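# Observations on chain architecture
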Amino acid sequence: MLIAVGTDKHPFDRLVDWLAQWHAQAGDRVGLTVQHGHTRAPQVPGAVPFLGHDALQRAMADADLVVCHGGPATILEARRHGHLPIVVPRDPARGEHVDDHQQLFARRLGAAGLVALCETREALHVALAAGLSDPSRYAVAADPGAHEAQRAAVARVGQIVEDLVAQSARRQPRWRAWTRSGRSAQETR
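These lines cover the structure that appears in this document, whether it is placed above or below. Source: prediction; values computed, not measured. Going along each chain's sequence as written, the residues are numbered from 1 onward. The model is predicted, so local features are restricted to residues of pLDDT at least 70 and side-chain atom pairs to those at 80 or more, both for listing and for counting; the totals for chains, interfaces and linings are taken over all residues. Calculation of side-chain values draws on the structure's entire complement of heavy atoms; hydrogens and water are dropped beforehand.

### Remarks on the sheet that holds strand β5 (residues 86-87)
Strand order in the open sheet formed by 6 strands is β3-β2-β1-β4-β5-β6, and the pairing between neighbours is parallel. Edge strands, defined here as strands with exactly one partner in the open sheet, are β3 (47-48) and β6 (116-117). Whether two strands pair comes down to DSSP finding at least two bridges between them. Helix numbering and strand numbering both begin at the N terminus, where a helix is a DSSP run of H or I of at least 4 residues and a strand a DSSP run of E of at least 2.

### Some remarks on the pattern of salt bridges
What counts as a salt bridge is simple: a side-chain nitrogen of Lys or Arg found within 4 Å of a carboxyl oxygen of Asp or Glu. Throughout the structure, instances matching the rule amount to 6 salt bridges. Notably, a salt bridge pairs E77 with R80, separated by 2.8 Å at the nearest N-O pair. You can see E77 and its partner R80 sitting in helix α3 (residues 72-80), 3 residues apart, about one turn around the helix. With respect to class, E77 is no different from R80; both count as buried. We note a salt bridge from D91 to R94, for which the minimum N-O separation is 3.3 Å. Each residue's exposure class comes from its accessible area (1.4 Å probe, protein chains only) as a fraction of the maximum for that residue type: buried when under 20%, exposed when over 50%, partly exposed otherwise.

### Some points on helix α2 (residues 53-62)
Buried within α2 we find L56, Q57, A59 and M60. Down the axis of α2, the smallest arc covering the buried residues is 165 degrees, so these residues share one side. Residues D54, R58 and D62 are exposed on α2 and point more than 90 degrees away from its buried face. Residues of α2 that are buried in the fold lie against β1 (2-4), β4 (66-68) and α3. Working note: the arc is built from the helix axis to C-beta atom directions. Note on contacts: a residue pair qualifies if any of its non-hydrogen atoms lie within 4.5 Å across the two residues.

### With respect to helix α1 (residues 13-26)
Here α1 spans 20 Å end to end across 14 residues, near enough to the 20 Å set by a 1.5 Å rise per residue. By the burial criterion, the buried members of α1 are R14, L15, V16, W18, L19, W22, H23 and A26. Turning to α1, the residues buried within the fold contact β1, β2 (33-35), β4 and α5 (121-133). Residue G27 follows α1 closely and has a positive phi angle near 85 degrees. Take the number of residues in a helix, subtract one, and multiply by 1.5 Å to get its expected span.

### Quick word on the nonpolar core
Of all hydrophobic cores here, the largest spans 26 residues; its most connected members are M1, I86 and L124. Taken together, the elements giving at least two residues each to this core come down to α1 and α5. At 6 residues, the largest contribution of residues to this core is made by α1. Leave out the neighbours within four places in its chain, and I86 touches V66, V67, C68, A116, C118, L124, A127, L128 and Y138. Only buried Ala, Val, Leu, Ile, Met, Phe, Trp, Tyr and Cys residues count toward a nonpolar core, and they belong to the same one when joined by side-chain atoms within 4.5 Å.

### Quick look at the side chain of H83
Structurally, H83 is set in the loop between α3 and β5. A distance of 2.7 Å separates the side chain of H83 from the backbone oxygen of M60, its partner in a polar contact. Leave out the neighbours within four places in its chain, and H83 touches M60, A63, D64, L65, V66, A78, Y138 and V140. Counting of polar contacts relies on pairs of N or O atoms within 3.5 Å, with two restrictions inside protein: one atom must be capable of donating a hydrogen and the other of accepting it, and residues adjacent in sequence are counted only when both atoms are side-chain atoms.

Now the structure itself:
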C-alpha cells in the first residue's frame, strides 16, 4: 500500500495519524510505503519523507492500494497506474494547506466516482478495510497513454498561444496617441 501526502510544506498529521491508528489494528500483514513529506515520521514501517518521481511511479505501479492527499497531480498519477485512489483532502482550517482547492477538487471527483473520498477517520478506516479484503475494489483501467496525451494537449495549447501572440504582433494597433495638431504643449494645459 502506498500513502502519499505530497510535497507541500504544511504538515498533514491528520492523515498520518489516522493511518498509524489503522495500521496498529491491521498489524504487520500490510506492507506500507508512506511518503510523509513535511509531516513528522509516523511510527510505521516504510516511512520516507520524500520519493523522487521515478521512485513514486514505481511505488504506485507496485501498490495494491493508493491513499493520497487531494493533490490533482497525485490523484491523476494514481489513476494512470490503474488505481481508484483513496483520497483524504488537506483542510486549510486545520493548517494543512493555504486554501480549500483540494477539498473542492476531491469532492467533485468523489461525486463523479473518480476517487474514494474519505473526509473522516472512520471513512478512511472503512475504505482501507474494504481495500485490504478486496484490492480490486479500488482498481480502474490503467491508462499509460494518458501521460502522452496530456503532453500533446499541453504542447498544442502552447502552440495556439504562440500563434495568437505572433498574430497580435503583426497587427497595426487600433488606437493612436491623440494630440491636438498645431498646438504646443503649453497651449494644451
